[in-house]
Amino acid sequence: MKQFSITIIAVLTFFMSSAQEFKSNISLGIPVGEVSDSYSINLNLDFVYLYEVTNKFKIGAIAGYTHFVGDSFKAPGVNVKVNDAGFLPIGITSRFKASNKSTLALDFGYAIGFSRGLSGGVFFAPKLYYKLSKTFDAFVSYKSIAVSNYDFGAICFGVEFKL
């Protein structure tokens, strides 16, 4: 039991003393593909925990909220209002520092559907970050949530900041 306690303390000390980061990002997206006619805009808020593996590579967890705003359009003889679609994406993220100013990232996981009649689905989001300052990064990304045979996709532009 004593060895087990010492091992747990050593592991916790290692993880607590290692480089860790907490970040948050907010972005605005333009729906593309299958959802471009049904949704007008995409809003995203994410929280990120990163653990430094090497000085160029980090891995961690990501969770947030993604919202697609439903659009209105005319079908022959009738006006159609599409309901908003909300998701809670939970997954892993990886970051590769390509240069002093740019970072490549990939988020992957499962997005839980919050809208009535909308189940969840697998999501992925490749991203390209540009370092603005010590605290802020700008990024462009493509976010895709595959729900049944339907893809909620968006090209997003946003900022990320350290917490």
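Above this text you will find the structure in question.
**Focus on the sheet that holds strand β6 (residues 85-97)**
- In space, the eight strands of this closed barrel follow the order β1-β2-β3-β6-β7-β8-β9-β10, with antiparallel pairing throughout. Across this sheet, the average inter-strand angle for adjacent strands is 25°, counted without regard to direction.
- Across twelve bridges, strand β9 (residues 136-147) lies against strand β10 (residues 150-162) in antiparallel orientation. Of the residues in β10, the one forming a bridge with Val147 is Tyr150.

**Let's talk about the nonpolar core**
- Counting residues in each nonpolar core, the largest one holds 17 residues, and the members touching the most others are Tyr39, Phe68, Ala85, Phe87, Ile145 and Phe152.
- For this core, the secondary structure elements donating two or more residues are β2 (39-52), β3 (57-70), β6, β9 and β10.
- The residues contacting Ile145, other than those within four sequence positions of it, are Thr66, Phe87, Ala111, Gly121, Val122, Phe123, Tyr150, Asp151 and Phe152.

**A few points about unusual backbone geometry**
- With phi around 50°, Ser148 is a residue other than glycine that occupies positive phi space.
- Mapped onto the fold, Ser148 is located in the loop between β9 and β10.
- Residue Ser148 is classed as exposed on the basis of its relative accessible area of 64%.

**Side note on the environment of Ser36**
- Note that Ser36 resides in the loop between β1 (20-32) and β2.
- By relative accessible area, which is 34% here, Ser36 ends up partly exposed.
- Linking Ser36 and Gly153, residues 117 residues apart in sequence, is a C-alpha distance of 8.3 Å.
- Of note is the side chain of Ser36, whose polar atom sits 2.9 Å from the backbone oxygen of Gly33.

**Regarding the side chain of Asp137**
- The topology assignment puts Asp137 in strand β9.
- Judged by relative accessible area, Asp137 falls into the buried class, the value being 14%.
- Ignoring any residue separated from it by four or fewer positions in sequence, one finds Asp137 in contact with Lys23, Tyr129, Tyr130, Lys131, Leu132, Gly158, Val159 and Glu160.

**Re a positive patch on the surface**
- On the surface, a cluster of positive charge is made up of Lys56, Lys97, Lys101, Lys131 and Lys134.
- Among the secondary structure elements, Lys97 is positioned in strand β6.
- Residue class for Lys97 comes out partly exposed when judged on its relative accessible area of 34%.

**A few points about the pattern of salt bridges**
- According to the stated counting rule, one finds eight salt bridges in the structure shown.
- As a salt-bridge pair, Glu21 and Lys23 come within 3.5 Å of each other at their nearest N and O atoms.
- The exposure class assigned to Lys23 is buried, which follows from its relative accessible area of 9%.
- Note that Glu21 and Lys162 form a salt bridge whose closest N and O atoms lie 4.0 Å from each other. Placement of Glu21 in strand β1 and of Lys162 in strand β10 is noted, with a sequence separation of 141 residues between them.
- Glu21 gets classed as buried once you look at its relative accessible area, which sits at 15%.
- Within this structure, Glu21, Lys23, Lys58, Arg95, Asp137, Glu160 and Lys162 form a network of salt bridges that share partners.

Rules of the game
Residues numbered from 1 in each chain as written. Predicted model: local features only at pLDDT ≥ 70, side-chain atom pairs only at ≥ 80, totals over all residues. Heavy atoms only, no water. Pairing = 2+ DSSP bridges. Helix = DSSP H or I, 4+ residues; strand = E, 2+ residues; numbered from the N terminus. Axes fitted to C-alpha atoms, helices over the stretch in contact; angles between N-to-C directions. Core = buried A, V, L, I, M, F, W, Y, C linked by side-chain atoms within 4.5 Å. Buried < 20%, exposed > 50% of the residue type's maximum accessible area, 1.4 Å probe, protein only. Contact = heavy atoms within 4.5 Å. Polar contact = N/O pair within 3.5 Å; in protein donor to acceptor, adjacent residues only side chain to side chain. Patch = residues over 30% accessible without salt bridge, like charges linked within 9 Å, V, L, I, M, F, W, Y side chains within 5 Å. Areas by Shrake-Rupley, 256 points an atom, 1.4 Å probe, with all protein chains shown as cover. Salt bridge = Lys/Arg side-chain N within 4 Å of Asp/Glu carboxyl O. Lys, Arg positive; Asp, Glu negative; His and termini not counted. Charge placed at Lys NZ, Arg CZ, Asp CG, Glu CD.

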